[in-house]
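Listed here are the chains, written in short residue letters.
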Amino acid sequence: MTNFTDIRDFLRAHCARYPELALQDVFKALYQSTFGCEHLIADPSAAADYIRAEAARSGDRISELVELLSGDYCRVHLGVLRDGLSAETFARLFALSARHEECGREKLEAMLTALQTMADAGELPFSAQETAEAVERWRKDGFPPLHHSEIFRQNYAPAYRVLRRDFARALPLFARIDRLTAERERVLVAIEGGSASGKTTLGELLQNVYGCPVFHMDDFFLRPEQRTEARFAQPGGNVDRERFLSEVLLPLRQGKTVDYRRFDCKTFTIASPRRIEPGRLNIIEGAYAMHPDLAPYYDLTVFLAVSAEKQRERILKRNAPAKAEQFFTRWIPFEQRYFSALGVPERCDLILSGDDQTSVP
């Protein structure tokens, strides 16, 4: 997939990808780049039925299943269902992607200005005059969503849905989860990664899509009496993995109720238990989830890789300077030593980029 940082690069690539397209197909791509889905999804169940039926009769002639647009959205072609992703999960992701703000006209106008400039310069397969007239008609109508042109449909038989780009990057994970939950009574998934890699955000997305419980490693910091030099010297020793195993993983594996006791960072005490029933799917998120004492209990594991630049940017954005400095000088070195000493990324089933993670609507 190509990331488009310049609208002109996107327009060139889009016209090259679809040489038989009409101007309204370009407008449709610009609309989707700005606003995402054309319509809100009131009933994901009905949407799943429609997606399933459309995929069955689809003549989609697209080789690349995920097609980036010029913005935070992408087209995901229905052939992705062949990899194990269920129509129900796809429909829920589509519904979540559709919850966008009705804004962005200024961005769309800027894209149309670039389109007109390129048409004026003869860089696109549309004349300057026909582009100007078509843009003006669309503008007068209030920039409504558009269908693909008939020539586009005849040549490319499009069958796709528009998803948020960060959702699409996690499609291999969703497909693996769907296959596992179809086969097993109970599935445990661990999300590993460094600070600010998007673990909590991904956990929230999975909870939104599947309605599953999410358990956080950050709720199992060491109690005061455990905070010894010997403990911190252990790779991955700075969480209470023993309590996490006994209170969370063992009950989940056995299908029993979890009495979940959070560590309170303000009082340095353990809170009263909160009862959580196990789901068919159960998510564990947080650094140190893949410690060798815990790893055998999972059915699927994913590592979120984050660049040093993006990690630093996020930590500075969400923390006061003094606390951010603790991450840079203490907690991140702890994580890196743990990842390296225990080969954590290499032991995970999937490695996904965490750089594009954004909050769930």
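Right above here is the structure, for reference.
About the thresholds
- Residues numbered from 1 in each chain as written.
- Predicted model: local features only at pLDDT ≥ 70, side-chain atom pairs only at ≥ 80, totals over all residues.
- Heavy atoms only, no water.
- Pairing = 2+ DSSP bridges.
- Helix = DSSP H or I, 4+ residues; strand = E, 2+ residues; numbered from the N terminus.
- Axes fitted to C-alpha atoms, helices over the stretch in contact; angles between N-to-C directions.
- Contact = heavy atoms within 4.5 Å.

Draft legend 1. Structural view of the sheet that holds strand β2 (residues 73–77). Across the sheet, which stays open at both edges, the three strands sit in the order β1-β2-β3 with antiparallel pairing between neighbours. The open sheet has two edge strands, β1 (66–68) and β3 (160–164), and neither has a second partner. Neighbour to neighbour, the strand axes of the sheet diverge by 30 degrees on average, direction disregarded. The pairing of β2 with β3 spans five bridges and is antiparallel. Paired with Tyr73 across the bridge in β3 is Arg164. Along the sheet, helix α2 (residues 23–35) makes contact with β2 and β3, crossing β2 at roughly 115 degrees.

Draft legend 2. Inspection of the sheet that holds strand β4 (residues 187–193) at higher detail. The strand order across the open sheet formed by five strands is β5-β10-β4-β11-β12, and the pairing between neighbours is parallel. Looking at strand neighbours, the two that pair on one side only are β5 (214–216) and β12 (350–353), the edges of this open sheet. Averaged over all adjacent pairs, the angle separating strand axes in this sheet is 25 degrees, with direction ignored. Where β5 and strand β10 (residues 281–285) come together, three bridges link them in parallel fashion. Among the inter-strand pairings, Phe215 is bridged to a residue of β10, identified as Ile284. This element, helix α9 (residues 171–183), spans β4, β10, β11 (300–305) and β12 of the sheet and lies at about 170 degrees to β11.

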